[in-house]
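Spelled out, the chains give:
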Amino acid sequence: MEQRTEPEVSPYRVFSRTEWAALRADTPMTLGPEEVATLRSVHDRLDMKEVEEIYLPLSRLLSMYVAASQRLFRVQQSFLGTEDSKVPYIVGVAGSVAVGKSTTARVLQALLARWPNTPKVDLVTTDGFLLPNAVLEREGLMEKKGFPESYDLPELLRFLSGIKAGRRPMRAPVYSHIVYDVVPHEWIEIDRPDILIVEGLNVLQTGRPPKDGKAVPFVSDFFDFSVYIDAAENVLERWYVERFLALRLTAFRDPMSYFHRYSRLSDSEAVTTAQGIWSRINLVNLRENILPTRQRADLILTKNEGHLIDEVALRRL
């Protein structure tokens, strides 16, 4: 007798853009065109329609999750008879270089902070937890900048552990994209926000479990919700090259810029240089470290060639 196999059920519920936009319900638009323009990264094409159809429904969902988390916290307080302060709800935002993580993180921060209860929403990027260039050079890791091994993981885990423990204030290092390095003796203080957004390339990365069975924390262990922004490899490469060309005419012209030498390149030289960096570093990091973590996200936003999100996948509970 032939054995029947059950159809495989996806762990995600997939929505078209139209279906997802309908989940906005009666959520009011709290950002104006000028504010949206300031939140957009140099190469993104974020507009009001994208905010209304994609990010407003997502902010509504997250506000519901935060409220449910706070109710659960109060239940545990009552059960234990404790008076602990509530801990921040942490949202992770992951994805490739040039996919638009920073824009997504900033838009979510702005929208969530405008909900009726006006929660305090802070944003931290993992760039500040990169090892200083001097260390990367000594360890031969400059070509691996952005790879998991280029981060001060113990310091990042200490920071997130302190946030979840309700310690205040916690300090995160500052990273300068002009000098392409961590800024010595500069910090931002995170003082017990209601919501903390953590944005970075490898925030959903895991490691091999230890043979002795002892628990090893991962960055994502501290997340209450995680978002992965996805796009095809060839599209990501094109966006990276476009961003490189734009920066060559702007930020790279600053004499203090680590990449000032690239400002003198011709168009063809700049394209060749950007493609080389992409294939040698960013594509390798994407394939080996970033893309394999996509299925660990609670929500996947898939972008098309025009930078617009045309599919949303939400993990089933």
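Predicted model only: the values in this text are computed from it and were never measured.

(A) View of a nonpolar patch on the surface. On the surface, Ile 178, Val 179 and Met 256 cluster together into a nonpolar patch covering about 250 Å² of accessible area. Among the secondary structure elements, Val 179 is positioned in the loop between β4 (170-176) and β5 (181-190). What makes Val 179 partly exposed here is its relative accessible area of 34%.

(B) Representation of the sheet that holds strand β8 (residues 299-303) in the model. Within the open sheet, the seven strands sit side by side as β1-β9-β8-β7-β2-β6-β3. Their pairing is mixed. Each end of this open sheet is capped by a strand with a single partner; those strands are β1 (12-16) and β3 (121-125). Across this sheet, the average inter-strand angle for adjacent strands is 20°, counted without regard to direction. In this structure, β3 lies alongside strand β6 (residues 195-199), joined through five bridges in parallel fashion. The residue bridging Val 124 from the neighbouring strand is Val 198, located in β6. Its contacts with the sheet place helix α4 (residues 101-112) against β2 (89-95), β3, β6 and β7 (225-230), and it is angled at close to 175° to β6.

(C) Spotlight on the environment of Ser 268. Mapped onto the fold, Ser 268 is located in helix α8 (residues 267-290). Taking the C-alpha atoms as reference points, Ser 268 and Ala 25, separated by 243 residues in sequence, lie 48 Å from one another.

(D) Spotlight on empty space enclosed by the protein. According to the stated counting rule, one finds one cavity of 30 Å³ or more in the structure shown. If you add up the space inside the largest cavity, you get close to 70 Å³. For the lining of the largest cavity, a count of residues per class yields four nonpolar, two polar and four charged.

(E) Here's a closer look at the packing of helix α7 (residues 233-248) against α8. At their nearest, the axes of α7 and α8 sit 9 Å apart, and the two run at 135° to each other. By the criterion of interaxial angle, the relationship of α7 to α8 is oblique. The chirality of how α7 crosses α8 is right-handed. In this structure, α7 contributes Glu 233, Leu 236, Glu 237, Tyr 240, Val 241, Phe 244, Leu 245 and Arg 248 to the contact, and α8 contributes Asp 267, Ala 270, Val 271, Thr 273, Ala 274, Gln 275, Ile 277, Trp 278, Asn 282, Leu 283, Leu 286 and Arg 287. Here the contact of α7 with α8 is built from residues that sort into 12 nonpolar, three polar and five charged.

(F) A look at the layout of surface pockets. As a volume, the largest pocket reaches approximately 1,300 Å³. Along the walls of the largest pocket sit 44 residues, with Val 97, Asp 127, His 177, Tyr 180 and Arg 243 positioned nearest its centre. For the lining of the largest pocket, the elements supplying multiple residues, two or more each, are α4, β3, α7 and α8. The dominant element in the lining of the largest pocket, judged by the number of residues it contributes, is α8, at five residues. In terms of residue class, the lining of the largest pocket is built from 22 nonpolar, 12 polar and 10 charged.

Reading the values: rules and limits
Residues numbered from 1 in each chain as written. Predicted model: local features only at pLDDT ≥ 70, side-chain atom pairs only at ≥ 80, totals over all residues. Heavy atoms only, no water. Patch = residues over 30% accessible without salt bridge, like charges linked within 9 Å, V, L, I, M, F, W, Y side chains within 5 Å. Areas by Shrake-Rupley, 256 points an atom, 1.4 Å probe, with all protein chains shown as cover. Salt bridge = Lys/Arg side-chain N within 4 Å of Asp/Glu carboxyl O. Helix = DSSP H or I, 4+ residues; strand = E, 2+ residues; numbered from the N terminus. Buried < 20%, exposed > 50% of the residue type's maximum accessible area, 1.4 Å probe, protein only. Pairing = 2+ DSSP bridges. Axes fitted to C-alpha atoms, helices over the stretch in contact; angles between N-to-C directions. Contact = heavy atoms within 4.5 Å. 1 Å grid on protein atoms, 1.4 Å probe; cavity = no way out; pocket = protein on both sides within 12 Å on 5 of 7 lines; lining within 4 Å. Points joined across faces, edges and corners; volume = space filled by probe spheres on them. Nonpolar A, V, L, I, M, F, W, Y, C, P; charged D, E, K, R; others polar. Parallel < 35°, antiparallel > 145°, perpendicular 65-115°, else oblique. Left-handed = near helix turned anticlockwise from the far one by under 90°.

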